[in-house]
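If you want the building blocks of each chain, they are given just below.
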Amino acid sequence: MSRQVTGGSIDKTPRYRELADTLAREVRTDYTPGELLPTEAVLAQRFGVNRHTVRRALDELVAAGMVTRHQGRGTQVVDRRLDYAVSAGSKVTQNLAELGFVSHTDCLSQGLDVPPEAIAQRFGRGPGEQLLCVDTLRHIDGAPVMLLRHWFDPTRVPGWEQRYRGGSTRALLNQHYGLQLVRRRVRIEAGSATRDDTRYLCCPLNAPLLQLSSDNVDRDGTLVEVSIGRARADRLAYHIDFDPTDEVPS
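- An unreviewed UniProt entry lists the protein chain under the name Phosphonate metabolism transcriptional regulator PhnF, with Billgrantia zhangzhouensis given as the organism.

Here's what the structure looks like:
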């Protein structure tokens, strides 16, 4: 067992941290993405510790982004970090499929609501005016990765709440409303997980998140949607390719 000298005394490394280091090495060398680790009971018996120690060790791996917990399924090795290309016309579901990932999107809630002032101003709405708010949760290969909040101009999507039950919002916009949206403006910033984020994304409180806000317009350049996605930074990375024909400032 490793020891650390502190102020002339010798402190033992906590057992759960030693176990976390051992499990981390095994995850890197012996497991493939998507595989399930043995149950807490099996690990406790194997290493001669109690289940609380195993649980704390697994907490360390969850915090490091190496595994995720799924109720009823167990602890799963995290897939490789997703490299998502952001462009004017990129579609999340299509991009993920091209990368070989299976994704699905759950609708968490939807209805008319008063947006934050900054979003209301982008739509040219006054105080107290409502927009259609749709909250979704995107799963990739069975693991929750991204929370999205969509703000729509309700006059452009009448009957949305009767039609949308989950899945690609872009597909519904195209099929039922004839709207093919493109991004006009994107903002990417860092954030940290709130309690609601931890509930849905299965990540520790204050875990690093990437937030991407996008103003999405129709062919005439009219704003139809503002989307705000909060994704686990240990699971997803954004990249932006620039057109080489763009003018280079002198």
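Back to the text.
### Some remarks on the pattern of salt bridges
Logical step 1: If you walk through the whole model with that rule in mind, you get twelve salt bridges.
Logical step 2: Residue Glu18 pairs with Arg15 through a salt bridge whose shortest N-O separation is 3.8 Å. Taken together, the residues span about one helical turn, with Glu18 and Arg15 both in helix α1 (residues 15–30) at a distance of three residues.
Logical step 3: Using a relative accessible area of 16% as the deciding quantity, one classes Glu18 as buried.
Logical step 4: For Arg15, a relative accessible area of 33% gives the class partly exposed.
Logical step 5: Across the pair Glu189 and Arg187 runs a salt bridge, and its minimum N-O distance is 3.6 Å.
Logical step 6: Judged by its relative accessible area of 53%, Arg187 falls in the exposed class.

### What to know about helix α7 (residues 169–177)
A turn of α-helix holds 3.6 residues, and therefore any two residues three or four places apart point the same way.
Logical step 1: Taken residue by residue, α7 has Thr169, Arg170, Leu172, Leu173 and Tyr177 as its buried positions. Around the axis of α7, the buried residues are gathered within 165 degrees of arc, so they sit on the same side.
Logical step 2: Packed against the buried residues of α7 are β8 (143–152), α6 (160–163), β9 (182–192), β10 (208–217) and β11 (223–232).
Logical step 3: Capping the start of α7 is the job of one residue whose side-chain oxygen sits 3.3 Å from the backbone nitrogen of Arg170: Ser168.
Logical step 4: Taken from the residues just after α7, Gly178 is the one with a positive phi, measuring 65 degrees.

### What about a nonpolar patch on the surface?
Logical step 1: Residues Val186, Ile188 and Ile240 make up a contiguous nonpolar surface patch of about 210 Å² in total accessible area.
Logical step 2: On the basis of relative accessibility, which here comes to 31%, the residue Val186 falls in the partly exposed class.

Rules behind the numbers
- Residues numbered from 1 in each chain as written.
- Predicted model: local features only at pLDDT ≥ 70, side-chain atom pairs only at ≥ 80, totals over all residues.
- Heavy atoms only, no water.
- Salt bridge = Lys/Arg side-chain N within 4 Å of Asp/Glu carboxyl O.
- Helix = DSSP H or I, 4+ residues; strand = E, 2+ residues; numbered from the N terminus.
- Buried < 20%, exposed > 50% of the residue type's maximum accessible area, 1.4 Å probe, protein only.
- Arc of directions from axis to C-beta.
- Contact = heavy atoms within 4.5 Å.
- Polar contact = N/O pair within 3.5 Å; in protein donor to acceptor, adjacent residues only side chain to side chain.
- Patch = residues over 30% accessible without salt bridge, like charges linked within 9 Å, V, L, I, M, F, W, Y side chains within 5 Å.
- Areas by Shrake-Rupley, 256 points an atom, 1.4 Å probe, with all protein chains shown as cover.

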